[in-house]
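This is what each chain is made of:
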Amino acid sequence: MQAPITVGSILQNRYRIIEILGEGEFGRTYLTEDQRCFNELCAVKELISPTGADAWEKAQEIFQREAANLYQIEHSQLPKFREKFEQYQRLFLVEDYVAGKTYRTLLTERLAAGQTFTEAEVLQFIRSLLPVLEHIHSRGIIHQDISPENIILRDEDTQPVLIGFGVVKELATRLQFPDHPTPVTSVGKLGFVPSEQLQTGQAYSHSDLYALAVTGIVLLTGKEPTELFDTTQLTWNWQQCVKVDAQFAQVINQMLNHLPSDRFHSAADVIQALQILEKPSIPTPELSQVQTMAVGGRPESLPSPVSPRQPQPAISPNRSNLILDSPLALGAIGSAVVILAGVGSWALVSSIRTQRNQPPNATPPQTFPSPVVSSEETPTPEPTPEL
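Source: prediction; values computed, not measured.

(A) Expanded view of the packing of aromatic side chains. Scanning all chains against the criterion turns up seven aromatic pairs. Judged by centre distance (4.9 Å) and plane angle (20 degrees), the rings of F85 and F92 are stacked. We note that F85, like F92, is buried. Ring centres of Y103 and F117 lie 5.8 Å apart, and the angle between their planes is 35 degrees; this geometry places the pair in the tilted category. Taken as a pair, Y103 in helix α2 (residues 103-112) and F117 in the loop between α2 and α3 (119-137) lie far apart in primary sequence, 14 residues in all. Comparing Y103 with F117, the two get one shared label, buried. Following the ring pairs from residue to residue traces out a cluster consisting of Y15, F85 and F92. For R110, the ring lying beneath its charged end belongs to F117, and the centroid distance is 4.2 Å.

(B) The arrangement of the nonpolar core in detail. I126, W238, F248, I252 and M255 are the most contacted members of the largest nonpolar core, which has 46 residues in total. Among all residues touching I126, those that are not within four sequence positions of it are L212, F248, I252 and L274. By size, the runner-up hydrophobic cluster in this structure holds ten residues, among which are L11, I17, Y30 and F92.

(C) Representation of α2. Taken together, the buried positions of α2 are occupied by Y103, R104, L106 and L107. Within α2, the buried residues cover an arc of 160 degrees as seen down the axis, which keeps them to one side. Remark: G114 follows α2 within two positions and exhibits a positive phi of approximately 75 degrees.

(D) Geometry of unusual backbone geometry. In this model, Q12 sits at a positive phi of 55 degrees, which is unusual for a non-glycine residue. With a relative accessible area of 30%, Q12 lands in the partly exposed category. Positioned with a positive phi, T158 is a non-glycine residue whose angle comes to about 55 degrees. Looking at the secondary structure, you find T158 in the loop between β8 (151-154) and β9 (160-162). Since its relative accessible area comes to 55%, T158 is described here as exposed.

(E) Representation of the pattern of salt bridges in the model. Overall, the coordinates contain 18 salt bridges when judged by the stated rule. Its salt-bridge partner being R14, residue D34 comes within 2.7 Å of it at the nearest N-O pair. Taken together, the residues D34 in strand β3 (residues 27-34) and R14 in the loop between β1 (10-11) and β2 (15-24) connect sequence positions 20 residues apart. Classification of D34 as buried rests on a relative accessible area of 0%. Between D145 and K189 there is a salt bridge, with its nearest N and O atoms 3.5 Å apart. Here D145, found in the loop between α3 and β8, pairs with K189, found in the loop between α4 (166-176) and α5 (195-200); they are 44 residues apart in sequence, far enough to count as distant. Here the residues in one salt-bridge network are R14, D34, E40, R82, E83 and D96, joined through shared partners.

(F) Representation of the packing of helix α6 (residues 205-221) against helix α8 (residues 246-255) in the model. Close contact between α6 and α8 brings their axes to 8 Å; oriented N to C, the two are set at 130 degrees. Comparing their axes, α8 and α6 come out oblique. Note on packing geometry: the crossing formed by α6 with α8 is left-handed. Contacts from L209, Y210, L212, A213, I217 and L220 of α6 reach α8 at F248, I252 and M255. Residues belonging to the contact of α6 with α8 are distributed by class as follows: nine nonpolar, no polar and no charged.

(G) Quick peek at the sheet that holds β9. Spatial strand order, β7-β8-β9: three strands in an open sheet with antiparallel pairing. Where the open sheet ends on each side, the last strands, each with one partner, are β7 (100-102) and β9. Neighbour-to-neighbour, the strand axes of the sheet open up by a mean angle of 35 degrees, direction not taken into account. Bridge count between β7 and β8: three bridges; the pairing is antiparallel.

(H) Up close: the sheet that holds strand β4 (residues 40-47). Strand order in this open sheet of six strands is β1-β2-β3-β4-β6-β5, and the pairing throughout is antiparallel. The open sheet is flanked by β1 and β5 (81-87), the only strands paired with a single partner. Each of β4, β5 and β6 (90-96) touches helix α1 (residues 53-66); the most contacted strand, β5, lies at about 170 degrees to it.

(I) Here's a closer look at α3. Its 19 residues give α3 an end-to-end C-alpha distance of 26 Å, which sits within 8% of 27 Å, the value for a rise of 1.5 Å per residue. The elements touched by buried residues of α3 are α2, β8, β9, α6, α8 and α9 (267-274).

(J) Representation of the pairing of β3 within the structure. Extensive coverage of β3 is indicated by the burial of eight of its eight residues. Side-chain alternation along β3 places G27, T29, L31 and E33 on one buried face and R28, Y30, T32 and D34 on a second face that is also buried. Relative to β3, β2 is paired through eight bridges, and the arrangement is antiparallel. Across the sheet, the residue bridging to I17 is T32, located in β3. The pairing of β3 with β4 spans eight bridges and is classified as antiparallel. Across the sheet, the residue bridging to D34 is E40, located in β4. The hairpin turn running from β3 into β4, its antiparallel successor, is five residues long, and F38 in that turn takes a positive phi close to 55 degrees.

Conventions used here
- Residues numbered from 1 in each chain as written.
- Predicted model: local features only at pLDDT ≥ 70, side-chain atom pairs only at ≥ 80, totals over all residues.
- Heavy atoms only, no water.
- Phe/Tyr/Trp six-rings, centres within 6.5 Å; stacked < 30°, edge-to-face > 60°.
- Buried < 20%, exposed > 50% of the residue type's maximum accessible area, 1.4 Å probe, protein only.
- Helix = DSSP H or I, 4+ residues; strand = E, 2+ residues; numbered from the N terminus.
- Lys NZ or Arg CZ within 6 Å of the ring centre and 35° of its normal.
- Core = buried A, V, L, I, M, F, W, Y, C linked by side-chain atoms within 4.5 Å.
- Contact = heavy atoms within 4.5 Å.
- Arc of directions from axis to C-beta.
- Salt bridge = Lys/Arg side-chain N within 4 Å of Asp/Glu carboxyl O.
- Axes fitted to C-alpha atoms, helices over the stretch in contact; angles between N-to-C directions.
- Parallel < 35°, antiparallel > 145°, perpendicular 65-115°, else oblique.
- Left-handed = near helix turned anticlockwise from the far one by under 90°.
- Nonpolar A, V, L, I, M, F, W, Y, C, P; charged D, E, K, R; others polar.
- Pairing = 2+ DSSP bridges.
- Expected span 1.5 Å × (residues − 1).

Shown next as structure tokens:
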């Protein structure tokens, strides 16, 4: 393997190397500044490439073809692959740099404080990453290496971001062995990938779902997969370490099934299975106990009690509602109101005009007093004598 590039060097007259972020059997990752884009931070991955002339030409062909798959990926929770280039007879991939802490670092900090991730946190964690897997799987890309080390809690918006694509490692393997039909080195961390992926080196969508479930129970329990998996029975014993909702546990266990045919086969299936956790079942009360109480405290659904001595009203209480519901009745009432309002207005205006037309010294109209009944007797007139 070639020596690392010196810190401070500039690649492609653009990317200035700040430090080495990581190094492994497949290559190195450098933290760089993009001098053409306001010194924005980005990650540059150097892939191990063969040294022979014939192998180098074959590796270039594979690199050009396979790297194109990486540029199909565009999701807010995935680092964007920017470009590929060759320099110093080395192959490089450039992607966005994600500022934050890996979930491995976060779990280590929790364990130091005597804590682990809660059920609600892990449930949200899984729900946040399922659409990401659905996105890459729909484009025929399998991550192949999901683990706490390859998921970052982004500082910017506290969203989990999936990094460390295994397809890059697979590409590096194929570059080393260009004539081999399949990768000779299996991709993925021991304990986090299913057995068939370790045995054959082939990964499928349910392989990523398996690894996501393993990551979830590691965050829940704070224990490694080797402590949770029974190799003699080929079963997971994580529920002995933590108590969670039974339906949530059922979903996790199906993702962890040893038989690929019994697992969920797509991220969409898991999303649908988890929707039931958002809709808790509400028990239906018995009809005999259902009472809708009014403000006064008497059930509205029950009729008002009537005394046996009190006669029933002859007219139904709902009769007024029937009248108001009739269009003809409403029209007649409206017309009567308009007429009465008009007559009243005319009388008021006439009275005001009459008062204005009277002279200032005019004698007010004479009023006739009401007759008064006297208490004295009225004398009877004497009869006129006849002549």
